[in-house]
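Structure assessment
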Amino acid sequence: MPLLSIIVPIYNGEAYVEGLLNDFARQTVKDFELIVVDDGSTDGTYRELDKRAASQPYPIRIERIAPSGVSAARNRGLDLARGTYVSFVDADDHIVPNYVEFLRKVSARADFELFVFQSKRTGPDGPFNKKARLHYRRTNAPTMLHSLAVNPTQYGVYNLFIARKYLNSRGFRFAEKFDYYEDYDFLFRLFAAVDRIRISKSELYYYVLRKGSAVASYQVKRFEDMTLINDLLVPYLQQIRPQFAGEYVNLFLPRIWWSLLWQSCLAFSHKDWKEFVELSEVRDRLEPLKRHPNWKVRLSTVLFLQHPGMFFYLVRLLGRSRSRVTKTDLEPFAEYFLVKREEAAAPWKY
């Protein structure tokens, strides 16, 4: 049984296969298995993986599934995993050379169900050969939940080593059929349930920022999929961590709406944006952020609530370098929010 099962979902990632496999070949400890799940790629991804697999100095399993999305790919990887621990790596990112060695040293000294480490944002040229310094300490679920609620971008599923037996005993899997927020759903459910946690300030993962990356599409699906983190996740948190549920509702959910508002400034014309603001009732949703722990979030929220036009043009100015969002027609969003209003106003039927 390997120490670690590393699960990599991939879709049309032929250009990243060589770098991905080289990362694992450079590992100072080879006590791991690599599970790459090809989510129905239409380029040469599977062919490239299959050609290189036999020459790797570590066990690798390549699984091909029909196009089903990243959640289904990760779940398939979890079903196949045999390691004591599991982790997730995205195909176009990188890990430090002592990624597995780090886990071996920590697991020999500490008993944990979840280990959380840091990631570093970097360019595609790296370098990626710096070893992480061994560091960790004990933490707890309330601390992790609060940290994620305040700063949703602080952690992703790629920041974790998780005990496989614990995951399976609790039936943890990624929510399929959702294009958005499935990572937050997984993180909050895991953080809320786990008891034995260790955390490190060491950076083991390189999140690669690439120029010319795909332009984000602002879709109604982003709002439809909020069902996952609202209607489905909130009751779970109320049951498992009732003392945190209010913090989740008043910190995390408004912060997600803040992100949606930011991107809406780039997706719509000013005229359509003003109508979007009214239809979405985003003003009311952002009110709790006036007391947010982060001063930038507080300040930008106050600016939007008091001077929405200034907020819009400021985001358009800053967004030229920070975000790439396609221009979008308002009509499907207007239809969605009008339907939601009608549903909310309809009398209850038994």
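These numbers were taken from a predicted model, which means no experiment stands behind them. (Residues numbered from 1 in each chain as written. Predicted model: local features only at pLDDT ≥ 70, side-chain atom pairs only at ≥ 80, totals over all residues. Heavy atoms only, no water.)

1. A short note on unusual backbone geometry
- With an omega of 5°, the peptide bond between Gly126 and Pro127 qualifies as cis.
- For Pro127, the position within the fold is in the loop between β6 (114–122) and β7 (137–139).
- The backbone of Lys177 shows a phi angle near 75°, a positive value even though the residue is not glycine.
- For Lys177, the position within the fold is in the loop between α6 (164–170) and α7 (182–193).
- On the accessibility criterion, Lys177 (79% relative accessible area) is exposed. (Helix = DSSP H or I, 4+ residues; strand = E, 2+ residues; numbered from the N terminus. Buried < 20%, exposed > 50% of the residue type's maximum accessible area, 1.4 Å probe, protein only.)

2. Observations concerning the packing of aromatic side chains
- Within the structure shown, the criterion is met by 45 aromatic pairs.
- With centroids separated by 6.2 Å and ring planes inclined at 65°, the aromatic side chains of Phe24 and Tyr58 adopt a geometry described as edge-to-face. One end of the pair, Phe24, is in helix α1 (residues 17–25); the other, Tyr58, is in the loop between α2 (45–53) and β3 (60–65), with 34 residues separating them in the sequence.
- Every member of this aromatic cluster is reached through a ring pair, and the members are Tyr85, Tyr99, Phe102, Phe112, Phe115, Phe117, Tyr136 and Phe161.
- Geometry around Phe174 places Arg74 over its ring, the cationic atom sitting 5.3 Å from the centre. (Phe/Tyr/Trp six-rings, centres within 6.5 Å; stacked < 30°, edge-to-face > 60°. Lys NZ or Arg CZ within 6 Å of the ring centre and 35° of its normal.)

3. Quick word on the pattern of salt bridges
- Counted according to the given criterion, the structure contains 20 salt bridges.
- Close ionic contact of Glu33 with Arg82 constitutes a salt bridge, the shortest N to O distance being 3.1 Å. With a gap of 49 residues between them, Glu33 in strand β2 (residues 32–39) and Arg82 in the loop between α3 (70–80) and β4 (85–88) connect regions that are remote in the sequence.
- A salt bridge links Asp225 to Lys221; the nearest nitrogen and oxygen atoms lie 2.6 Å apart.
- Counted as one network, the salt bridges with shared partners bring together Glu18, Glu48, Lys51 and Arg52. (Salt bridge = Lys/Arg side-chain N within 4 Å of Asp/Glu carboxyl O.)

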